[in-house]
Amino acid sequence: MSSVTSTTDPNLSKAIQFLVEMKVILVTGCNQGIGRGIVERLISDQFSSFPPTRNVSTSGDLKLKIIMACRSTPKAEATRLEIINSLLIRRKWGWNNLKTVDELSMIGRELLPIITVDLANPTSIFAACRQIKNEFKSINTFIFNAGYMPIERMIFSYGIYNMFTDPVYLMKTGGDMMVQRIGEVTKDGIGLCFMANVLGHYIMLRELEGLLQATEDGEARVIWVGSSTGMPKFFDINDMHCLRGKHPYESSKRLLDLLILKLSPMYRLQVPFSDTASAANVHSVTSPIHMFTTSPGSVATNIIGYPMLTFLFVVNFFIMRLCGFTGSTGTPFYAATAYLYLTNYVAIGELSTAIKYESSVSRFGRMFVGKYKIERNDKTDKEGEMVVAECEQLYIELKQTYN
């Protein structure tokens, strides 16, 4: 912090001093798309005045430091500079005398520290977790957002057909025009989409759970970014990594719902991972870790990989919104609503693991959070146990190999 005291700008010194003690949120995959939207909304909301005055919990004003866990450090640094410049300086804090890149970067490093992690690479994951444990004493909230969609090619005629025959299906899943690669695996033989969207985050959770348990308020939150595409029809428990199925992305999102339904009570009730079936029989609540699943709604981001198609999807989503489909968020700004709500605007006691919280918007742009009960029965409970067991076994094996 010696570089801070050397500045002659009193506003800059005041900012750095203020940013020293903050609650910490980790967001994965925030170079662009939904992750970036989440970071921008969180900062814009919390730092609408300086210093922040919004009371969002019984413990008082919530001050945020957001760890940007991204695959590309140069892209993350560029994104951070853009966010600090546009949201914190020009629109909110009005520090017109802070004009240099060095000054903006100094604020950014304190407010938005960057951790480099590739969630499809176990070596990168374990290295990132070691760095996080060295640099932070506790983390209040994880927002597991990073995702991978293995699009191989587009068949636009199928999309046009879906637009007229089943526009809701097109809106929620992209319809039949996005053909995904089948059978992609990592060098360890793990399904690539399964690794990037599910197991990578599971490893981070297991490695960093101690930082969540170290939170002072006992309200640590793990928010998993699911999807409305995660329908049961896209998931086969006998092909958990979806190496034979045609929808590995959708399968991974359905798998998240099953995982969280079983994993959340295990953390909340301190059930040993060797005894997943006993979660329902344990009654003592001792852990401060709470998990929730969400959906950003139907939103077009660069995960699709086709800029023109992304634009067409946004147009389609706005049309669907005018028709009354509230899940048509369309853009990352609207898609971030549920994450702002779960992080800043609701107490733990008002939330439920059995509910999926969806970013929603009315015909005329009013943002709100939809709440939908996740299907749960004996079949989903059994599948959830199998999913947890698979993730835990792979976590142990990869830790022995790469950590």
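Numbers given to residues run from 1 along each chain, matching the order in which its sequence is written. With the structure being a predicted model, the display of local features is reserved for residues of pLDDT at least 70 and the display and counting of side-chain atom pairs for 80 or more, all residues being used for whole-chain, interface and lining totals. The basis for the side-chain values is all heavy atoms of the structure; hydrogens and waters are excluded.

**Remarks on the overall build of the protein chain**
The numbering of helices and of strands both runs from the N terminus, where a helix is a DSSP run of H or I of at least 4 residues and a strand a run of E of at least 2. What the protein chain contains, in helices and strands, is 14 helices and 12 strands. Accessibility here uses a 1.4 Å probe with only protein chains present; expressed as a share of the type maximum, an area under 20% marks a residue as buried, one over 50% as exposed, and anything in between as partly exposed. The burial tally for the protein chain puts 58% of its 403 residues in the buried class. Sequence-distant contacts in the protein chain: of pairs separated by 6 or more residues, those separated by 24 or more amount to 74%. Methods summary: accessible areas were calculated by the Shrake-Rupley approach with a probe of 1.4 Å, and residue burial reflects only the protein chains presented. When the accessible area of the protein chain is evaluated, it comes to approximately 17,400 Å², of which 52% is carbon and sulfur surface. Note on contacts: a residue pair qualifies if any of its non-hydrogen atoms lie within 4.5 Å across the two residues.

**Topic: the packing of aromatic side chains**
In summary, the pairing rule links any two rings of Phe, Tyr or Trp, Trp by its six-membered ring, whose centres are within 6.5 Å, and it sorts them by plane angle into stacked for under 30 degrees, edge-to-face for over 60 and tilted for everything else. Under the definition given, this model contains six aromatic pairs. Measuring from centroid to centroid gives 5.3 Å for phenylalanine 142 and phenylalanine 144, while their planes differ by 35°, and the two rings are tilted. Its relative accessible area of 0% is what places phenylalanine 142 among the buried residues. Look at phenylalanine 144 and you get buried, because its relative accessible area is 2%.

**Quick word on the pattern of salt bridges**
Any carboxyl oxygen of Asp or Glu within 4 Å of a side-chain nitrogen of Lys or Arg constitutes a salt bridge here. Considering all chains together, one arrives at 14 salt bridges under this definition. Between arginine 36 and glutamate 40 there is a salt bridge; the shortest N-O distance is 3.0 Å. Placement of the pair is arginine 36 and glutamate 40 together in helix 3 (residues 33-46), with a separation of four residues, close to one helical turn. Judged by its relative accessible area of 23%, glutamate 40 is partly exposed. For arginine 36, the salt bridge identified is with glutamate 82, shortest N-O distance 2.8 Å. In this pair, arginine 36 is assigned in helix 3 and glutamate 82 in helix 4 (residues 73-93), connecting sequence segments 46 residues apart. One connected set of salt bridges, linked through shared partners, spans Arg36, Glu40 and Glu82.

**Some details on the pairing of strand 6 (residues 141-144)**
In summary, the side chains of a regular strand alternate between the two faces of the sheet. Of the two faces of strand 6, the one holding Thr141 and Ile143 and the one holding Phe142 and Phe144 are both buried throughout. Two strands are said to pair when DSSP picks up at least two bridges between them. Inspection of the sheet shows strand 1 (residues 23-28) paired to strand 6 by three bridges, in the parallel sense. In the strand pairing of strand 6, valine 27 is matched with isoleucine 143. Of the pairings in the sheet, the one linking strand 6 to strand 9 (residues 220-225) comprises four bridges and is parallel in character. Note that in strand 9 the partner of isoleucine 143 across the bridge is isoleucine 223.

**So, unusual backbone geometry**
We note that cysteine 242 has phi near 55°; this positive angle belongs to a residue other than glycine. The residue cysteine 242 is located in the loop between strand 9 and helix 10 (248-268) in this model. Given the relative accessible area of 6%, cysteine 242 is considered buried.

**Remarks on the packing of helix 9 (residues 192-213) against helix 10**
When two helices pack together, you describe them by how their axes are tilted relative to each other and by the distance separating the axes. Simply put, an axis is a line fit to the C-alpha atoms, just over the touching stretch for a helix, and the angle between two N-to-C directions goes from 0 to 180 degrees. With their axes 8 Å apart at the nearest point, helix 9 and helix 10 run at an angle of 20° to one another. Relative to helix 10, the element helix 9 is oriented roughly parallel. Like other packed secondary-structure pairs, helix 9 and helix 10 cross with a definite hand, here right-handed. Contact residues: helix 9 offers Cys193, Phe194, Asn197, Val198, Tyr202, Leu205, Arg206 and Glu209, while helix 10 offers Pro248, Tyr249, Ser252, Leu255, Leu256, Leu259, Leu263 and Tyr267. Partitioning the contact of helix 9 with helix 10 into residue classes produces 12 nonpolar, two polar and two charged. Our angle categories are set so that under 35 degrees counts as roughly parallel, over 145 as roughly antiparallel, 65 to 115 as roughly perpendicular, and the remainder as oblique. A clockwise turn of the near helix away from the far one marks a right-handed crossing, whereas an anticlockwise turn of less than a right angle marks a left-handed crossing. Residue polarity is assigned by list, with Asp, Glu, Lys and Arg as charged and Ala, Val, Leu, Ile, Met, Phe, Trp, Tyr, Cys and Pro as nonpolar; anything else, Gly included, falls into the polar class.

**Considerations on the side chain of threonine 353**
Within the secondary structure, threonine 353 is located in the loop between helix 13 (337-345) and strand 11 (355-361). Identification of polar contacts relies on pairs of N or O atoms within 3.5 Å, with a donor-acceptor requirement for protein atoms, meaning one able to donate a hydrogen and the other able to accept it, and with residues adjacent in sequence counted only if both atoms are side-chain atoms. From its side chain, threonine 353 meets the backbone oxygen of methionine 291 in a polar contact 3.1 Å long.

**Topic: the environment of histidine 201**
Note on placement: histidine 201 falls in helix 9. It is 6.5 Å that separates the C-alpha atoms of histidine 201 and phenylalanine 144, two residues lying 57 residues apart in sequence. What histidine 201 contacts, discounting residues up to four positions off in sequence, is Thr28, Leu119, Phe144, Asn145, Ala146, Ala196 and Trp224.

**Focus: the packing of helix 3 against helix 13**
Interaxial distance between helix 3 and helix 13 falls to 9 Å at its minimum, and their mutual angle equals 45°. The orientation of helix 3 relative to helix 13 falls into the category oblique. Handedness of the crossing formed by helix 3 with helix 13: right-handed. Residues Ile38, Arg41, Leu42, Asp45 and Gln46 of helix 3 touch helix 13, and the partners they reach there are Thr337, Tyr339, Leu340, Thr343, Asn344 and Tyr345.

**Here's the deal with the nonpolar core**
We define a nonpolar core as any set of buried Ala, Val, Leu, Ile, Met, Phe, Trp, Tyr and Cys residues linked to one another through side-chain atoms lying within 4.5 Å. Counting 52 residues, the largest nonpolar core has Leu199, Leu205, Trp224 and Leu259 as its most contacted members. No other element matches the 11 residues that helix 9 contributes to this core. Sequence-distant contacts of leucine 205, defined by excluding residues within four places in its chain, comprise Phe142, Phe144, Leu212, Val222, Trp224, Leu263, Tyr267 and Met291. Val27, Ile107, Val225 and Ile355 belong to the second largest nonpolar core, which has 37 residues in total.

**Quick look at the sheet that holds strand 11**
In spatial order, the strands read 5-4-1-6-9-10-11-12; together these eight strands make up an open sheet with mixed pairing. Only two strands of the sheet have a single partner each, and these edge strands are strand 5 (114-116) and strand 12 (367-373). Across the sheet, the axes of successive neighbouring strands diverge by a mean angle of 25°, strand direction being ignored. In the sheet, strand 10 (residues 289-295) pairs with strand 11 via three bridges, with the strands oriented parallel. Each bridged residue has a counterpart across the sheet, and for threonine 293 the counterpart in strand 11 is lysine 356.

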